[in-house]
Amino acid sequence: SNGCENIAQITITVNPLPNIILDATDLEICIGESTIITATGGDSYFWDNSLPNGENHEVSPTSTTTYSVTGTDINGCENTAQITITVNPLPNITLDATDIEICIGGSTTISATGGDIYVWDNSLSGGDSHEVSPTATTTYNVTGTDANGCENIAQITITVNPLPTISLDATDLEICIGESTTISATGGDSYVWDNSLPVGASHEVSPIVTTTYNVTGTDSNGCENIAQITITVNPL
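Residues numbered from 1 in each chain as written. Predicted model: local features only at pLDDT ≥ 70, side-chain atom pairs only at ≥ 80, totals over all residues. Heavy atoms only, no water.

(A) Representation of the side chain of Thr-145. Summarising the element assignment, Thr-145 is placed in strand S13 (residues 138–145). Once residues lying within four places of it in the same chain are set aside, the contact partners of Thr-145 are Gly-115, Asp-116, Ile-117, Cys-150 and Glu-151. (Helix = DSSP H or I, 4+ residues; strand = E, 2+ residues; numbered from the N terminus. Contact = heavy atoms within 4.5 Å.)

(B) Structural context of unusual backbone geometry. The phi dihedral of Asn-122 is positive, around 60 degrees, even though this residue is not glycine. Locating Asn-122 in the fold gives a position in the loop between strand S11 (117–120) and strand S12 (129–132). With a phi angle near 65 degrees, Ser-123 is a residue other than glycine that sits in the positive phi range. Note that Ser-123 resides in the loop between S11 and S12. Overall, Ser-123 belongs to the exposed group, its relative accessible area being 80%. (Buried < 20%, exposed > 50% of the residue type's maximum accessible area, 1.4 Å probe, protein only.)

(C) Fine view of the environment of Leu-27. Within the secondary structure layout, Leu-27 lies in the loop between strand S1 (21–24) and strand S2 (28–30). As a C-alpha pair, Leu-27 and Ile-37 span 10 residues in sequence and 8.9 Å in three-dimensional space. Ignoring any residue separated from it by four or fewer positions in sequence, one finds Leu-27 in contact with Ile-83, Thr-84, Ile-85 and Thr-86.

(D) Focus on the state of the cysteines. Applying the stated criterion to the full structure yields 2 disulfides. The side chain of Cys-30 participates in a disulfide bridge whose partner is Cys-150; the two sulfur atoms lie 2.0 Å from each other. The sign of the S-S torsion, about -100 degrees, decides the handedness of the disulfide formed by Cys-30 and Cys-150: left-handed. Taken as a pair, Cys-30 in strand S2 and Cys-150 in the loop between S13 and strand S14 (151–161) lie far apart in primary sequence, 120 residues in all. Each member of the pair, Cys-30 together with Cys-150, is buried. Paired by a disulfide, Cys-103 and Cys-223 hold their sulfur atoms 2.0 Å apart. Here Cys-103 and Cys-223 share a disulfide; its torsion about the S-S bond, -100 degrees, makes the bridge left-handed. Here Cys-103, found in strand S9 (residues 101–103), pairs with Cys-223, found in the loop between strand S20 (211–218) and strand S21 (224–234); they are 120 residues apart in sequence, far enough to count as distant. Both residues of the pair, Cys-103 and Cys-223, belong to the buried class. Of note for the chain: the bonded cysteines, numbered N- to C-terminal, pair according to 1-3, 2-4. (Disulfide = S-S within 2.5 Å.)

In short, geometric facts, not functional conclusions.
Here it is, written out as structure tokens:
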């Protein structure tokens, strides 16, 4: 009221927001793998996705996931950063064979699908298929890797059946010319003969000279073996 006045002032300091950055050891992983995400630019960090406080975490998401962090600096200013971890599925690796059951001495071709590159066990080289001739029932394993670097395993078992034991017997191994003998095969399920004999397990034969008979016997697994017998024919 007396006309006197004075001036006061105040300075408001404006601090910049911190530059919060999120990095990862791997931005893209395969399901089942992990990566480490690390925050920089602040003094303390608050994460979403139920992660505890701290500047880094090892995470193993089962699907593509975005992680967010709020970083606070020494001035109490805060900012947010986020990072997306892409999770790739494992490839569907399958193994097939031209024959999953073979006879000893036979072969089959095993082929892998679903990947881009393959690594085999059993001392097999790379590549998607191999012709194999195991001498005993064998399981083959292959690791297939896709374009994302994700890998999976498949296996196949090749069953190896033994050859049947085919035997030939005769009622008489030695006959006189004009006589006959019966030759019989055992050990198989079906028989194919040489010497123009029809199929069947046994035949009555009357050779006029000493003759060797051969038979190919096949068992229930489709495996076959050969037997032979010689009928000696004596002159009168």
